[in-house]
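Read off the chains here:
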Amino acid sequence: MKKSFIPAPAVLGMLGGGQLGRYFVMAAHELGYQVWVLDPDEDSPAGRIADRHLCADYDDAVALAELAAGCAAVTTEFENVPAETLAILAEQVPVYPSAAAVSVCQDRIAEKTFLKMNGLPHGPFFEINTLADIQAAPAHLFPAILKAARLGYDGKGQAVVDDRAAAEVSWHELGSVRCILEAKLPLDYEISVVLARGQDGKVKAFPSAENRHRNGILDVSVVPAWGSACVTDNACDVAEKLAGCLDYVGTLGVEFFVSRGELVVNEMAPRPHNSGHYTIDACATNQFQQQVRALCGLPLGDSHAHSAAVMVNLLGDLWFDGCKQREPDWCALLAIPGVCLHLYGKQAPRAGRKMGHFTVVGGDAQQVYERAMQARKILGLPDA
Ligand code: ADP
Ligand code: MG
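This structure is a prediction, so every number in the text was calculated from the model and none was measured. Residue positions are given per chain, counted from 1 along the sequence in the order it is written. Numbering of ligands from 1 and lettering of chains from A proceed in the order in which they are written. A pLDDT threshold of at least 70 governs which residues receive local features in this predicted model, and a stricter bar of 80 or more applies before side-chain atom pairs are shown or counted, although totals over entire chains, interfaces and linings include all residues. Note that water and hydrogens are dropped before the side-chain values are worked out from all heavy atoms of the structure.

Q: Explain the environment of P349 to me, please; I cannot follow it from the model alone.
A: Position of P349 relative to the elements: it lies in the loop between β18 (339-343) and β19 (354-362). The buried category is assigned to P349, whose relative accessible area is 10%. As for P349 and L318, which are separated by 31 residues in sequence, their C-alpha atoms are 8.5 Å apart. Discounting chain neighbours no more than four positions away, the residues touching P349 are G316, W319, F320, Q325 and M355. Strands here are runs of E lasting at least two residues and helices are runs of H or I lasting at least four, both read from the DSSP assignment and numbered beginning at the N terminus. Note on exposure labels: buried denotes an accessible area under 20% of the residue type's maximum, exposed denotes more than 50%, and partly exposed covers the range between, all computed with a 1.4 Å probe on protein chains only. Whether two residues touch is decided by their heavy atoms; if any such pair falls within 4.5 Å, the residues are in contact.

The following block contains the structure:
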């Protein structure tokens, strides 16, 4: 579909109703657009605030026809929408990012192969389809991480395997599905770059974040990223090149490892990214408004950060004291200067479920970091 400017109050379609979709709805509303959300969950965070919630599966032909007929353009908030769904919609309505770009990002083997073909930095990997492939994998990959090629997130669908015997056991545990075996790299630290690319190919990258994980789930993002400016500048260049190679349109998250001083791409998310949540409170234009702008053919906004920021994820675990459910102490948290609290309106807290986040912003990066750590302590979170 050709480049097109879509004026408000047109209707925009969103595939997925999670918190990323919810912030897209808010950003679209700010610019005067309406949003229809497709999500099978009756009580999805985005569906609750959308102008219309189509409560159906992502491959429901009737719902897709309705979405295509009613929307001026369609985008997505999660990578596991069937690429087929995007392709069907794209026959009738502009869809960004494209089905081709999303299909690369939703399959770890396609993703790593794409990096390799385009000369982008990546770690060693081997495709696993059978037990024989585990025997054939190069010895230098071990100790390794075995990951299901599709549908993994937040550390789910992967296992650390020290040797071939462990890989065989884990492969069965993962359901004997198509997998990728990656060398387990020694990590100095992890960073990410969130950027937006418009239909005209122009790119605006947000400042990179340093990310810390707990139990495979993002815990804290620190901006500006600690680490050498040379590495973070290089990460922005790589992310920009990568977006160009994908002919990407929309907001893209690129996760990197820094291993023994070397930058390697870990994975890409064809959507706004959890590590870009700080942009809501610390940037002139946030990652969700960039997604709206790219989708509607508007110029991208200023992506520089006006504040230092530390973002902390709030998982459902925080709502429990042992087996007893309790409300976290928001009053104490909000008494700390610079704290911006975001809750996603989810009804049931569960262990590991992303319920919200807070971002501490301010002019002094060291003070912002200290306040974020103080805030964690007040809520009863361990040191990051
Ligand atoms: P997810 O889709 O669950 O985010 P990732 O591939 O990003 O999956 O893996 C989650 C985390 O596991 C990473 O952020 C990193 O901390 C660790 N990890 C993943 N792959 C590797 C690897 N090849 N070497 C070292 N650590 C890794
Ligand atoms: Mg990841």
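Once you've had a look at it, read on.
Q: What is the right way to look at the layout of surface pockets in this model?
A: Unfilled space is identified by rolling a water-sized probe across the atoms. Quantified by volume, the second largest pocket comes out at close to 230 Å³. Looking at the lining of the second largest pocket, the elements with two or more residues in it are β12 (217-223) and β15 (308-315). Class assignment of the residues belonging to the lining of the second largest pocket gives a composition of 7 nonpolar, 4 polar and 3 charged. In this analysis, the protein atoms alone were mapped onto a 1 Å grid. Cavities are point sets where a 1.4 Å probe fits without being able to get out; pockets are open sets with protein on both sides within 12 Å along at least five of seven lines; lining residues have an atom within 4 Å of a point. Grid points are joined across faces, edges and corners, and a volume is the space filled by probe spheres set on the points. The residue classification treats Ala, Val, Leu, Ile, Met, Phe, Trp, Tyr, Cys and Pro as nonpolar and Asp, Glu, Lys and Arg as charged. All others, Gly included, are polar.

Q: Could you clarify how one ought to interpret the site of ligand 1 in this entry?
A: Here, proximity means that at least one heavy atom of the residue falls within 4 Å of the molecule or strand. Around ligand 1, a shell composed of 18 residues is seen, among which K147, G155, E190, N266 and E267 lie nearest. At 2.9 Å from a nitrogen atom of ligand 1 is found a main-chain nitrogen or oxygen belonging to L185. Distance and chemistry together define a polar contact, namely a pair of N or O atoms within 3.5 Å, with one atom able to donate a hydrogen and the other to accept it when in protein, and with adjacent residues in sequence counting only for side-chain atoms on both sides. A distance of 2.8 Å is found between an oxygen atom of ligand 1 and a side-chain nitrogen or oxygen belonging to E267. Contact with the protein chains removes 89% of the 540 Å² of surface that ligand 1 exposes when unbound. Of all the secondary-structure elements, those providing two or more residues to the shell around ligand 1 are β6 (144-148), β8 (179-183), β13 (250-259) and β14 (262-269). Class assignment for the residues of the shell around ligand 1 results in 6 nonpolar, 4 polar and 8 charged. Using the Shrake-Rupley algorithm and a 1.4 Å probe, accessible areas are obtained, with residue cover drawn only from the displayed protein chains.

Q: Explain the sheet that holds strand β1 (residues 11-15) to me, please; I cannot follow it from the model alone.
A: For sheets, the rule is that strands pair by backbone hydrogen bonds, running either parallel or antiparallel. In this description, strands pair whenever DSSP reports at least two bridges between them. If you trace the 4 strands from one edge of the open sheet to the other, you get β3-β2-β1-β4, paired in parallel fashion. Looking along the sheet, the strands with just one partner apiece sit at the ends: β3 (52-54) and β4 (73-76). For this sheet the average axis-to-axis angle between neighbouring strands, irrespective of direction, equals 25 degrees. Direction of pairing for β1 relative to strand β2 (residues 34-38): parallel, over a ladder of 5 bridges. A fitted line through C-alpha atoms serves as each axis, taken over the contacting stretch for helices, and the angle formed by two N-to-C directions is quoted from 0 to 180°.

Q: Please explain the domain arrangement of the protein as it appears in this structure.
A: Interface extent is often summarised as the accessible area lost during association of the parts. Per the domain assignment, the segments making up the protein are domain 1 (11-95), domain 2 (124-183) and domain 3 (189-379). Segment limits for the domains were obtained from an automatic or database-derived domain assignment. Placing the centre of domain 1 and that of domain 2 at their C-alpha centroids yields a distance of 34 Å.

Q: Could you clarify how one ought to interpret the coordination of the magnesium ion (ligand 2) in this entry?
A: Around a metal, the ideal angle is 109.5 degrees if four donors adopt a tetrahedral arrangement and 90 or 180 degrees if six donors adopt an octahedral arrangement. In this listing, donors mean N, O and S atoms no farther than 2.8 Å from the metal, or 3.2 Å for Na, K and Ca; water is missing from the atoms, so a site can look incomplete. Donor atoms from the polypeptide that coordinate the magnesium ion (ligand 2) comprise E255 (OE), E255 (OE) and E267 (OE), at 2.0 to 2.8 Å from the metal. Remark: E267 occurs in strand β14 and E255 occurs in strand β13; sequence separation between them is 12 residues. When its relative accessible area of 22% is taken as the criterion, E267 is described as partly exposed.

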